[in-house]
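# Working through the structure, step by step
Now for the letters of each chain:
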There are 2 protein chains.
Amino acid sequence: MREEILQRLAGLGFLEADARTLADHFLDAEARGKRGHGLSRVEWLETLPGIDPTARPKKVAEAPGYERWDGNGALGYLTLAAIVEAQLASPPADARLVVAQRCFPTGMLGHWARKLADGGLVAVLTATSPPRLAHPEGGPVLAGTNPLAIAVPSSDGRPLVADASMGAVTYGDVIAGLASEEELVPFGGEHAHKAFALAVGLQLLVDSLVVEPGYGTVLLVARPEADPVPALRTRAGGLRLPGDR
Amino acid sequence: MREEILQRLAGLGFLEADARTLADHFLDAEARGKRGHGLSRVEWLETLPGIDPTARPKKVAEAPGYERWDGNGALGYLTLAAIVEAQLASPPADARLVVAQRCFPTGMLGHWARKLADGGLVAVLTATSPPRLAHPEGGPVLAGTNPLAIAVPSSDGRPLVADASMGAVTYGDVIAGLASEEELVPFGGEHAHKAFALAVGLQLLVDSLVVEPGYGTVLLVARPEADPVPALRTRAGGLRLPGDR
């Protein structure tokens, strides 16, 4: 399975290291039941116009506690992978905001946030995507499904990784044939105004922090001062916590 | 009405400036229909043990892009008010993470985030509170209702302020007699696992960043690079957007 994916990605022109990064993401999504971010995306990539497999993301601004990156024509997946690698190689003294403009598609955000938590950093990550959510009262689509992922490292080696999109289903689910476009509404039923508010808030957070318009990501990385995950796992007993397989 | 509240707060020993800060928050919550954070809280404050109306929050750590504060016995409302004032007086060059430990209660987070957006800063704010949300499958309460507020300034003078808690109702609603404790579950119905994941993620985000255990807040403030709110309002037509009255 993995070999076949790697071959297909190589056929699109991706270097071996990039193909491995992409395949790891798609297979992790499948393994976590997020099929909308999984193998269906390989086929989708094959249909995406204008992919430049040799493009490289670049850091365009840097200051203490702040970086801005530009996808520079690279896939969002690979842009986030480069950002994660850079944070692990050079962690912030306390905290750092990393804004990535022209960064799409980004996939299952928990995959990237988990890498940071595995490396000992707290991570909060959101990303925009084409508008698909309308106001609960109707009207035009105003916000992407805009997931929010939060990853917190743990001394027991099992970080907690929350990763929720604001849609009742994801567009990936629609691509994968698991849901219809009509189901692509803010989640929450009678409380859908809450998920809509969060989707719009995250949309404008990203849109207000990028210099180049387009889809982007906002990442906060911070060094933890405490280790609260093991105690939560104890209190939770055997219940499955966010991000557990 | 405002005069009566100010008198009752003065009766609790609060200085006039602090009483005004508190009254403004409670009245704003009432005006926005968030009665659980409104006037019922004045009575609640009168019953809270160990309030020290003369305590002052203090900044305990500072570096580029980072501050940590300690409520130091002051009410969380007043701690957040002091933090907001400090950010407006000395905005970050790009972005700053502000962690506040021993910061409770914090009320309607959108009230504080809005002040930052009114001052031209993007703000993302969360806060923990006593655990009240259990796993959708049952078991002990594991997370507070842990709201997330996102405020984005706008050149039209009308910032967008999203502010949603992860509970189907708030504990404030319970205090105000507007809801029962049984209704205090993660919002979302069949998708309640999403709100639960976000509540747990925000809980551990705060818990991992404070040095002194207890309830706290995490605030991100950033300078905007773009002005996306007016275009969103245009696309939305007359629909009410998050934070509009």
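The following refers to the structure shown. (Residues numbered from 1 in each chain as written. Chains lettered and ligands numbered in written order. Predicted model: local features only at pLDDT ≥ 70, side-chain atom pairs only at ≥ 80, totals over all residues.)

Each helix and strand counted, chain A has eight helices and nine strands in total. Its C-alpha radius of gyration of 18 Å places chain A within 12% of the 18 Å reference for a compact globule of 245 residues. Judged by the C-alpha coordinates and their principal axes, chain A covers about 45 × 45 × 40 Å. Considering chain A as a whole, with its 245 residues, one finds that 56% of them fall into the buried category. Here the contacts in chain A between residues at least 6 apart in sequence split such that 63% fall between residues at least 24 apart. (Helix = DSSP H or I, 4+ residues; strand = E, 2+ residues; numbered from the N terminus. Rg over C-alpha atoms; globule rule 2.2 N^0.38 Å. Buried ≥ 20, exposed ≤ 12 C-beta atoms within 10 Å, placed from the backbone. Contact = placed C-beta atoms within 7 Å.)

Moving on, we get to the sheet that holds strand 8 (residues 160-164) of chain B. All names here are of chain B. Spatial strand order, 1-2-3-9-4-7-8: seven strands in an open sheet with mixed pairing. Whereas interior strands pair on both sides, the edge strands pair on one side only; in this sheet they are strand 1 (58-63) and strand 8. Ignoring which end each strand starts from, the neighbouring axes of this sheet average 10 degrees apart. The sheet contact formed by strand 2 (residues 66-70) and strand 3 (residues 95-101) spans five bridges and is parallel. (Pairing = 2+ DSSP bridges. Axes fitted to C-alpha atoms, helices over the stretch in contact; angles between N-to-C directions.)

Among the nonpolar cores identified, the biggest contains 148 residues, and Ala113(A), Ala123(A), Ala113(B) and Ala123(B) are the most heavily contacted of them. Not counting the four nearest positions on each side in its chain, Ala123(A) is found in contact with Ala113(A), Leu116(A), Ala117(A), Ala151(A), Leu219(A), Leu220(A) and Val221(A). (Core = buried A, V, L, I, M, F, W, Y, C linked by C-beta atoms within 7 Å.)

Before going further, it helps to spend a moment on the sheet that holds strand 2 (residues 66-70) of chain A. Residues and elements named next belong to chain A. Taken in spatial order, the seven strands make up an open sheet running 1-2-3-9-4-7-8, and their pairing is mixed. Strands with a single pairing partner mark the edges of an open sheet, and in this sheet they are strand 1 (58-63) and strand 8 (160-164). Going from strand to strand, the sheet's axes swing by 10 degrees on average, the running direction of each strand aside. In this structure, strand 7 (residues 148-152) lies alongside strand 8, joined through five bridges in antiparallel fashion. Along strand 8, the bridge assignment pairs leucine 148 with alanine 164. Strand contacts of helix 4 (residues 76-89): strand 2, strand 3 (95-101) and strand 9 (217-222), with the helix running at about 160 degrees to strand 3, the strand carrying the most contacts.

Residue and element names in this part refer to chain B. As a packed pair, helix 1 (residues 2-11) and helix 2 (residues 16-31) sit with axes 9 Å apart at the nearest point and diverge in direction by 130 degrees. As summarised for this structure, helix 1 and helix 2 are arranged oblique, according to the angle between their axes. As for the relative orientation of helix 1 and helix 2, their crossing is right-handed in sense. Contacts between helix 1 and helix 2 involve Arg2, Ile5, Leu6, Leu9 and Ala10 from the first element and Ala19, Arg20, Leu22, Ala23, Phe26 and Leu27 from the second. The residue makeup of the contact of helix 1 with helix 2, split by class, is nine nonpolar, no polar and two charged. (Parallel < 35°, antiparallel > 145°, perpendicular 65-115°, else oblique. Left-handed = near helix turned anticlockwise from the far one by under 90°. Nonpolar A, V, L, I, M, F, W, Y, C, P; charged D, E, K, R; others polar.)

With that settled, the discussion passes to the relation of the copies chain B and chain A. By a simple turn and slide, chain B fits onto chain A: the slide is 0.0 Å along the axis, the RMSD is 0.0 Å, and the turn is 180 degrees. Accordingly, the operation relating the two chain copies is best matched by a two-fold axis. For chain B, the smallest separation between a C-alpha atom and the rotation axis is recorded for Gly188(B), amounting to 1.8 Å. (Least-squares fit on C-alpha atoms with pLDDT ≥ 70 in both.)

What follows deals with the packing of helix 2 of chain B against helix 4 (residues 76-89) of chain B. All names here are of chain B. Where helix 2 meets helix 4, the closest approach of the two axes is 10 Å, and the angle between their N-to-C directions is 100 degrees. The angle between helix 2 and helix 4 places the two elements in the roughly perpendicular class. Listed contacts from helix 4 to Asp18, Thr21, Leu22 and His25 of helix 2 are Tyr77, Leu78 and Ala81. Residue composition of the contact of helix 2 with helix 4, by class: four nonpolar, two polar and one charged.

A word on the pairing of strand 4 (residues 122-127) of chain B. Residues and elements named next belong to chain B. The buried fraction of strand 4 is high, at six of six residues. Burial of strand 4 is two-sided: the residues Val122, Val124 and Thr126 facing one way and the residues Ala123, Leu125 and Ala127 facing the other way are all buried. Bridge analysis of strand 4 against strand 9 (residues 217-222) gives six bridges, and the strand direction is antiparallel. Its bridge partner lying in strand 9, valine 124 is registered against leucine 220. Pairing geometry for strand 4 and strand 7 (residues 148-152), over four bridges, is antiparallel. Bridging from a neighbouring strand, leucine 125 pairs with alanine 149 of strand 7.

Residues lying three or four places apart along an α-helix face the same way, a consequence of the helix completing one turn every 3.6 residues. All names here are of chain A. The end-to-end C-alpha separation of helix 2 (residues 16-31) is 22 Å, in line with the 22 Å expected for 16 residues at 1.5 Å each. Restricting attention to buried positions, one finds in helix 2 the residues Asp18, Ala19, Thr21, Leu22, Ala23, His25, Phe26 and Ala29. At the C-terminal side of helix 2, glycine 33 shows a positive phi close to 80 degrees. (Expected span 1.5 Å × (residues − 1).)

When the parts of a complex come together, some accessible area is lost, and that lost area is often taken as the interface size. Each side of the interface is counted separately: chain B has 54 residues, and chain A has 54 residues. Elements supplying a minimum of two residues to the side of chain B that touches chain A: strand 3, strand 4, strand 6 (138-143), strand 7, strand 8, helix 7 (192-209), strand 9 and helix 8 (229-236) of chain B. For the side of chain B that touches chain A, the class distribution of residues is 38 nonpolar, nine polar and seven charged.

A few words on unusual backbone geometry. Following Phe104(A), the chain continues to Pro105(A) via a peptide bond in cis, the omega torsion being -10 degrees. Topologically, Pro105(A) is positioned in the loop between strand 3 and helix 5 (109-118). Phi is positive for Asn72(A), which is not a glycine, with a value near 60 degrees. With respect to the secondary-structure elements, Asn72(A) resides in the loop between strand 2 and helix 4. Residues other than glycine seldom take positive phi values, yet Arg102(B) does so here, at roughly 50 degrees.

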